[in-house]
Amino acid sequence: MPNLPALGAGSVLVAGSIWLGNKAEQPQTVSTGILGNRENTKLETAEMDTGKLMTPAQVYAANVRSVVMITSKINNGRMGYSISSGSGFIIREDGFIVTNHHVVEDSTSVTVITTDGTEYPAKVVGADDVNDVALLKVNTLHLRAVTLGSSADLMVGDQVAAIGNPLGELTSTMTVGYISAKD
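Residues numbered from 1 in each chain as written. Predicted model: local features only at pLDDT ≥ 70, side-chain atom pairs only at ≥ 80, totals over all residues. Heavy atoms only, no water.

A. Geometry of the overall build of the protein. Helix and strand content of the protein: two helices and 10 strands. Reading the protein from its N end, one meets helices and strands in the order β-β-α-β-β-β-α-β-β-β-β-β. Buried positions account for 42% of the 183 residues belonging to the protein. Taking all contacts inside the protein whose residues are at least 6 apart in sequence as the whole, residues at least 24 apart take part in 59%. For the protein, the computed accessible surface area is about 9,700 Å², with 51% contributed by carbon and sulfur atoms. (Helix = DSSP H or I, 4+ residues; strand = E, 2+ residues; numbered from the N terminus. Buried < 20%, exposed > 50% of the residue type's maximum accessible area, 1.4 Å probe, protein only. Contact = heavy atoms within 4.5 Å. Areas by Shrake-Rupley, 256 points an atom, 1.4 Å probe, with all protein chains shown as cover.)

Listed below in structure tokens is the structure:
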């Protein structure tokens with residue numbers, strides 16, 4: 001297992017989500033992946049890091065390239081094969097990707113597709129079916145990784161955006177909502 005940030009108690013892992021923050025506290029920061037801690041999740045894109053709250057369109061533009069589509073081929077024995085699909089996000093530039101366990105469970109092959117259409121064969125290198133999380137690895141360098149943070153300071157009412165590929169057909173869609181509960 002690679003050396004990755006640990007998920008502490010109360011952490012929230014949402015594939016492809018971005019914390020937009022509370023308007024009452026400026027400046028705000030943005031994170032993807034593990035919903036961000038206000039102190040340590042600055043945007044890498046300097047022109048977007050103005051100290052002002054980003055619009056959902058700006059959040060999408062700054063993060064969509066870190067969200068990927070996952071397809072898995074599953075052998076159903078005499079019934080043939082079926083395909084499972086879902087979203088994931090790049091957590092390290094050297095090809096580590098987080099997705100949901102149910103997307104890759106019992107797969108015979110996994111493919112990661114980036115927003116530019118590049119396809120990479122992937123290997124499942126870790127999985128936790130209880131928390132529905134899986135870690136994939138593709139053999140490439142220089143992917144655009146999300147910024148990981150801690151959800152310890154996340155508050156009910158904070159706005160979030162989810163970027164993903166629902167059903168494997170609606171590529172790079174986004175929706176916004178609010179944290180309705182913690183723990």
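B. Spatial organisation of helix α1 (residues 56-63). V59, A62 and N63 are the residues of α1 that are buried. Buried residues of α1 fall within an arc of 80 degrees about the axis and therefore sit on the same side. (Arc of directions from axis to C-beta.)

C. Layout of the packing of aromatic side chains. A full pass over the atoms with the stated rule returns zero aromatic pairs. Geometry around F96 places K137 over its ring, the cationic atom sitting 5.3 Å from the centre. (Phe/Tyr/Trp six-rings, centres within 6.5 Å; stacked < 30°, edge-to-face > 60°. Lys NZ or Arg CZ within 6 Å of the ring centre and 35° of its normal.)

D. Molecular detail of the nonpolar core. With 15 residues, the main nonpolar core has I70, I97, V104, V112, L136 and V138 as its most contacted residues. Taken together, the elements giving at least two residues each to this core come down to β3 (67-75), α2 (101-104), β6 (107-113), β7 (119-128) and β8 (133-138). By residue number, the principal contributor to this core is β8, which donates three residues. Judged by nonpolar contacts, the second largest core, of six residues, contains F89, F96, V98 and L135. (Core = buried A, V, L, I, M, F, W, Y, C linked by side-chain atoms within 4.5 Å.)

E. Quick look at the sheet that holds β8. Here we have six strands rolled up into a closed barrel, ordered β3-β4-β5-β8-β7-β6, and antiparallel in their pairing. When the angles between neighbouring strand axes are averaged without regard to direction, this sheet yields 40 degrees. Inspection of the sheet shows β6 paired to β7 by four bridges, in the antiparallel sense. Looking at the pairing, I113 lines up with E119 of β7. (Pairing = 2+ DSSP bridges. Axes fitted to C-alpha atoms, helices over the stretch in contact; angles between N-to-C directions.)

F. Inspection of unusual backbone geometry at higher detail. Even without being glycine, D132 reaches a positive phi, approximately 55 degrees. In this structure, D132 sits in the loop between β7 and β8. For D132, a relative accessible area of 23% puts it in the partly exposed group. Notably, H142 is not glycine yet its phi reads approximately 70 degrees, a positive angle.

G. Just the environment of S82, in detail. Mapped onto the fold, S82 is located in strand β4 (residues 81-92). S82 sits 10 residues away from S72 along the chain, and the two C-alpha atoms are 8.3 Å apart. Residues in contact with S82, not counting those within four places in the same chain, are S72, K73, I74 and N76. Side chain to side chain, S82 and N76 meet in a polar contact 3.0 Å long. (Polar contact = N/O pair within 3.5 Å; in protein donor to acceptor, adjacent residues only side chain to side chain.)

H. The arrangement of the pairing of strand β5 (residues 96-99) in detail. Across the two faces of β5 the burial is the same, with F96 and V98 and I97 and T99 all buried. Examined bridge by bridge, β4 and β5 share four bridges and lie antiparallel to one another. Opposite I90, over in β5, you have I97 as the bridge partner. As consecutive antiparallel partners, β4 and β5 are separated by three residues, and within that stretch G95 has a phi angle of approximately 105 degrees, a positive value.

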